[in-house]
Amino acid sequence: MEKISHFVIKKRLMAVIILIALIFVALFGRLFYLQVIWGKTLQYKAYDQWTRELPFRADRGDITDVNGIVLANSSTSYTLYARPNELKDIQYIASAIADIIDMDTNKLAEKLSKKGVSEITVAKGVTKEQMLKLIATDVEGLYLTANSDRYYKYGNFLTQVLGFTNSDGEGQSGVELFYNDYLKGVDGASYTQTDLIGRKLKNNVTTYVDSIKGMTTALTIDYNMQSFAQKAVEDAQITYNSKSASCLIMSAKTGAIKAMASAPTYDLNDIPRDDMELLLQGSRNLLVSDTYEPGSTFKILTSAIGMTENAIKNSYYCGGGSVVDGQRIKCWRSIGHGSQDFKHGIQNSCNCVFMDIALTVGKDKMYDYFSKFGLGAKTNVDISGEAKGIMLPLNRVQNVDIARIGFGQAVAVTPIQLASAVASVVNGGNLYEPYIVDKITDVKGKVAYSHTPTVKNKTVDSSVCATLKEYLYSVVTEGGGKNAYVPGYNIGGKTGTAQKYENGAIARGKYISSFIGFADVEDDTLVCLLLVDEPQGYVYYGSIVAAPYVGNIFSSIFAYKNIKPDASLDVEYSEVEMPYILGMSIADATLALKRAGLNYEIDGEDGKVNYQFPVAGQKVRSGAVVMFSAG
């Protein structure tokens, strides 16, 4: 037998010692990992296994108007749970609580007897009074959790702006979605120690972690102005049986949105979740998400550009249209406006004047100004779903295109884009970023977010703005905007009547009627844009359909702010009787209306008058805009 040398034995012993050491190092390393590095995680998992958690959903933060009027808040209700393994006398328990939660005793007993589950939901929507009575019964095995229910105080008021939440209390649209992280709060819970089959341990102390309410979000919306706008769009939509009507009121000096209303709408407390088409249609904020050809309201921007570029001529002639690149582009008034200066061109809303200005300035400079006005780009308003508008690529624009763009065709904007751009014209040339949330505060009153008015661009010279404002005042006192006039107050503005397109072609008989106006209110200047989409019947001109509602809105705002009329601003008007013009030629009808002291809009180019608005004999204000059609 071969002898094993001392060196070999020593070597083997050393290997064993090293192996044992490695094993201990591995064990200690694993122990260190489990106890130190992974310890808290394992403790949490263990705690989770031997405890039952019942969540308390946090109340969402309130949404208020700029004056603190609560528009949306949350109320607490409770859900009653039972753990069948802890229930000792089911029939007694059912008898004790059936009347409290308004359930049949036998059905409740059957529900509580369910086997094979650790927990069942007994009743939802339990009120505070019911909750207190249930606690007083002191029945073991019953548990209550707090839930937060969203409530919109004024129902269908500001539907598209406020938005709504889902069943889990998460924002799904509007402000509820955009500012969800501020509004949602922090949930709480109760924790109860149990055994392996879910029974509460003896001498257990239930641990409660309170929920934290979400932050209060104050909008820039003024409740009263919103009420005026909401009434206007509802009346307009019903009166003209239109597809929709919408209105935006904005501060020209800050970009703050004072009102944003659309019709039709729905009650936020009764969301039509079973009608997806109605839900999606009623949730879209048309003033932000929809684009349209603005028509003559766009002439305000063309005017400002032309004046800044010294492209205004002393005199213009309108013979009913102009030929550009071999194409005849009609003026809205087919018989033409004849010779006129620039101011009267604005009052008459003559397409020929604005085609001339756009062509004189040229497409390159026109597009430079469009960029300054924010056209073709999002305004960055704090509302989800904003569209950018549609602009023809500059390298594809021909003279005929820029001529049409000059009077509001061949360009598509969102209402909020147009309102922001026009606001810059009446505030001295500053394009503000529009916004709808003023500030957000936590439960302790600490301000977590506050908006500072932001100027994005300088658009046109302030001197140009001052002169153009005077011209736009004259549109309301002397031109096509007379139906927006309020005695004793300065209101400026511009009408718009735009044809709609479907499948690349003009949709016959479909129009968007609009009016954009402005007025000084206290130390601010408010811009009000109202649109009526597809008014039905012969009456579709913005001067008749939209302008009166803007006048009514401003009249209500003046009264709300207690702004007294200035007699020096009154324009002498008297009541006249609408003449009977049915069956007359266009020439005879226009003569009769002029003799009566009325302005007019015409639908048709020849034939006899087959419709008039208003009806013969109705009393109207002298100088008002009436309408007739011929064919």
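Our structure is the block above this text.
Below is a short write-up of the structure. (Residues numbered from 1 in each chain as written. Predicted model: local features only at pLDDT ≥ 70, side-chain atom pairs only at ≥ 80, totals over all residues. Heavy atoms only, no water.)

## Thoughts on the packing of aromatic side chains
One pass over the structure, following the stated rule, counts 19 aromatic pairs. Consider the rings of W332 and Y541, whose centres lie 6.5 Å apart with planes at 65 degrees: the pair is edge-to-face. On the criterion of sequence distance, the pair formed by W332 in the loop between β13 (327-330) and β14 (338-340) and Y541 in the loop between β21 (524-533) and α19 (542-545) is long-range, its members being 209 residues apart. Take W332: its relative accessible area is 28%, and that puts it in the partly exposed class. Over the ring of Y369 we find K372; its NZ or CZ atom is 4.8 Å from the centre of that ring. (Phe/Tyr/Trp six-rings, centres within 6.5 Å; stacked < 30°, edge-to-face > 60°. Helix = DSSP H or I, 4+ residues; strand = E, 2+ residues; numbered from the N terminus. Buried < 20%, exposed > 50% of the residue type's maximum accessible area, 1.4 Å probe, protein only. Lys NZ or Arg CZ within 6 Å of the ring centre and 35° of its normal.)

## Thoughts on the packing of helix α9 (residues 223-239) against helix α20 (residues 547-560)
In a pair of packed helices, the angle between the axes and the distance between the axes together describe the arrangement. Put simply, α9 and α20 touch, their axes get as near as 10 Å, and they point 155 degrees apart. Between α9 and α20, the angle is such that the two are roughly antiparallel. Between α9 and α20 lies a crossing of right-handed hand. Between α9 and α20, the residues in contact are N224, M225, F228, A229, A232, D235, A236 and T239 and Y549, I553, S556, I557 and Y560, respectively. Classifying every residue of the contact of α9 with α20 by side-chain character gives nine nonpolar, three polar and one charged. (Axes fitted to C-alpha atoms, helices over the stretch in contact; angles between N-to-C directions. Parallel < 35°, antiparallel > 145°, perpendicular 65-115°, else oblique. Left-handed = near helix turned anticlockwise from the far one by under 90°. Contact = heavy atoms within 4.5 Å. Nonpolar A, V, L, I, M, F, W, Y, C, P; charged D, E, K, R; others polar.)

## What to know about the sheet that holds strand β9 (residues 244-251)
The five strands lie next to each other as β10-β9-β21-β20-β19, forming an open sheet whose pairing is antiparallel. Of all the strands in the sheet, just β10 (257-263) and β19 (492-502) have a single pairing partner and so form its edges. Strand-to-strand twist in this sheet, taken as the mean axis angle between neighbours without regard to direction, amounts to 15 degrees. The pairing of β9 with β21 spans eight bridges and is classified as antiparallel. What sits directly across from S246, in β21, is L531. Where α9 meets the sheet, it contacts β9, β10 and β21, and its direction lies at approximately 25 degrees from that of β10. Across the sheet, α20 is in contact with β9, β20 (505-521) and β21; its angle to β20 comes to roughly 20 degrees. (Pairing = 2+ DSSP bridges.)

## So, the pattern of salt bridges
Side-chain pairs of opposite charge can arise whenever the charged atoms involved come near each other. Considering all chains together, one arrives at 12 salt bridges under this definition. Between R60 and E176 there is a salt bridge whose closest N-O contact spans 2.8 Å. One end of the pair, R60, is in the loop between β1 (51-56) and β2 (63-64); the other, E176, is in helix α7 (residues 174-178), and 116 residues separate them in sequence. Here R60 and E176 have matching classes, each one buried. Between E309 and K365 there is a salt bridge whose closest N-O contact spans 3.2 Å. Linking E309 in the loop between α12 (299-308) and β11 (316-318) with K365 in helix α15 (residues 363-372), this pair joins segments that are 56 residues apart in sequence. Among the charged side chains, a salt-bridge network with shared partners connects R60, R150 and E176. (Salt bridge = Lys/Arg side-chain N within 4 Å of Asp/Glu carboxyl O.)

## A closer look at the environment of T302
Residue position: T302 is located in helix α12. Looking at T302, the relative accessible area reads 0%, which means it is buried. Spatially, the C-alpha atom of T302 lies 38 Å from that of A616, the residues being 314 residues apart in sequence. Discounting chain neighbours no more than four positions away, the residues touching T302 are F354, I357, M366, I405 and G406. Among the polar contacts listed, one links the side chain of T302 to the backbone oxygen of G406, at a separation of 2.7 Å. (Polar contact = N/O pair within 3.5 Å; in protein donor to acceptor, adjacent residues only side chain to side chain.)

## Regarding the nonpolar core
The biggest cluster of nonpolar side chains holds 88 residues, and the ones touching the most others in it are L219, M260, L301, F370, F373 and I436. Here this core gets eight residues from one element, more than from any other, and that element is helix α17 (residues 415-426). When residues no more than four places from it in sequence are discounted, the contact partners of M260 are L158, V161, I221, Q226, C247, L248, N285, L287, V288, I383, I416 and I436. The next biggest cluster of nonpolar side chains, apart from the first, holds 41 residues, and it includes V233, Y489, C528 and Y541. (Core = buried A, V, L, I, M, F, W, Y, C linked by side-chain atoms within 4.5 Å.)

## A word on empty space enclosed by the protein
In this structure the tally under the stated criterion is two cavities of 30 Å³ or more. Of the voids in this model, the largest cavity is the one considered here, and its volume is about 60 Å³. Forming the boundary of the largest cavity are F373, G374, A377, K378, T379, Q417, S420, L431, Y432, E433, P434 and K456. For the lining of the largest cavity, the secondary structure elements donating two or more residues are α17 and β15 (430-432). When the residues that make up the lining of the largest cavity are grouped by side-chain class, the tally is five nonpolar, four polar and three charged. Taken as a whole, the second largest cavity spans an internal volume of roughly 30 Å³. Taken together, M250, S251, A252, G255, S420, A423, N427, N430 and Y432 form the lining of the second largest cavity. Taken together, the elements giving at least two residues each to the lining of the second largest cavity come down to β9, α17 and β15. (1 Å grid on protein atoms, 1.4 Å probe; cavity = no way out; pocket = protein on both sides within 12 Å on 5 of 7 lines; lining within 4 Å. Points joined across faces, edges and corners; volume = space filled by probe spheres on them.)

## Some words on the sheet that holds strand β24 (residues 609-613)
With mixed pairing, the three strands of this open sheet are ordered in space as β23-β26-β24. In the strand order of this sheet, the two ends are held by β23 (599-603) and β24, each with one partner. Each neighbouring strand pair of the sheet contributes to a mean axis angle of 25 degrees, computed without reference to strand direction. Bridge count for β24 against strand β26 (residues 625-630) is four bridges, and the pairing is antiparallel. Its bridge partner being in β26, Q612 is matched across the sheet by F628. Packed onto the sheet, helix α21 (residues 586-595) meets β23, β24 and β26 and runs at close to 165 degrees relative to β26.

## Focus on a negative patch on the surface
On the surface, D267, D270, D274, D275 and E277 cluster together into a patch of negative charge. When you line up the elements, D274 lands in the loop between β10 and α10 (276-283). By relative accessible area, D274 is classed as exposed at 77%. (Patch = residues over 30% accessible without salt bridge, like charges linked within 9 Å, V, L, I, M, F, W, Y side chains within 5 Å. Areas by Shrake-Rupley, 256 points an atom, 1.4 Å probe, with all protein chains shown as cover. Lys, Arg positive; Asp, Glu negative; His and termini not counted. Charge placed at Lys NZ, Arg CZ, Asp CG, Glu CD.)

Interpretation in functional terms is not warranted from these geometric data alone.
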